[in-house]
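# Residue-level structure breakdown
Spelled out from the first residue to the last, the chains are:
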Amino acid sequence: VSVFRKKPDHHIHDYVNETLLMVPGSKDIAKINEIIPLPENYRLFVMDNTFKAIQNHYWQPLQQLSKHLYIKKAGIELGSLKGKDFVPAHELALSLLPISTINEVDVDLETALQYLKKQVLHIEGPKGWNSISYCGLRLGWIKVLPNRTNNYYPAEWRILKD
C-alpha cells in the first residue's frame, strides 16, 4: 500500500466513490472464467471498465479503503470486453496466473527482441490471441490473423536502441 498526502486547499472532504469497485454480472464472470479460469482464491471485479482479479483475503480491505481513498491500482488487470471479444491486458501476460486456455508461442531470441522492439512479426501459430514467450517466460500478447500478426507489446515499453 502506498499513500500520498495532498495538502488541503480551502476545505477537506472525504473521497467517497461507491462505484469504483464493481462486481461483474454473472454473464461476464462466466465469459471471463471461460477464457481465464481463475484459481478459487481469486475474486473478479471491474475497475475503470477493466476486469481485474484479486486474492479473496484482500477484497474486504480494498472495499474499505476505496470508500475513503482514491485507488490508483488494485489487483491484476485481466483485460476488457470490446463488443463480444475479450482483449487481454499486458499485465495478465506478465502475471503468474495460469493461462491454459490461451495458446502460447515460444520464439527464438531474435524474434523475442523484434517483439520487444514492437517491430513487425511474422509468426505462424493458431489464429487469434496467443501469448508470446521466450525460454518459457511470457513476454506479452500477439494476435495472429490470416495475413499478418499484430504485436500488442505496450509502445511506451519498447526497446528503442540496440
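Residues numbered from 1 in each chain as written. Predicted model: local features only at pLDDT ≥ 70, side-chain atom pairs only at ≥ 80, totals over all residues. Heavy atoms only, no water.

### A closer look at the side chain of Thr50
What counts here: Here a helix means four or more residues in a row that DSSP labels H or I, a strand means two or more in a row labelled E, and each is numbered from the N terminus. For this analysis, residues touch if any pair of their heavy atoms sits within 4.5 Å.
You can see Thr50 is positioned in strand S2 (residues 50-55). Setting aside anything within four residues of it in sequence, one finds Thr50 in contact with Phe45, Glu77 and Gly79.

### Some thoughts on the sheet that holds strand S7 (residues 137-144)
Stated formally: Note on pairing: DSSP must find at least two bridges between two strands before they are called paired. Note on geometry: axes are lines fitted to C-alpha atoms, helical ones only across the stretch in contact, with angles between N-to-C directions running from 0 to 180 degrees.
Here we have four strands laid out as an open sheet, ordered S5-S6-S7-S8, and mixed in their pairing. The two strands at the open ends of the sheet, each matched to only one other strand, are strand S5 (103-106) and strand S8 (149-151). Ignoring which end each strand starts from, the neighbouring axes of this sheet average 40 degrees apart. Inspection of the sheet shows S5 paired to strand S6 (residues 128-134) by four bridges, in the parallel sense. From the neighbouring strand, Asp106 faces S6, where its bridge partner is Ser133.

### Considering the pairing of S7
Where we set the bar: Burial classes: relative accessible area under 20% of the type maximum marks a residue as buried, over 50% as exposed, and values in between as partly exposed (1.4 Å probe, protein chains only).
Taking burial as the measure, the eight residues of S7 include six buried ones, the bulk of the element. With seven bridges connecting them, S6 and S7 associate as antiparallel partners. Bridging across to S7, Trp129 finds its partner in Lys143. Where S6 folds back onto S7 in an antiparallel hairpin, the turn is made up of two residues, including Cys135, whose phi is positive at roughly 55 degrees. Relative to S8, S7 runs antiparallel, the two sharing three bridges.

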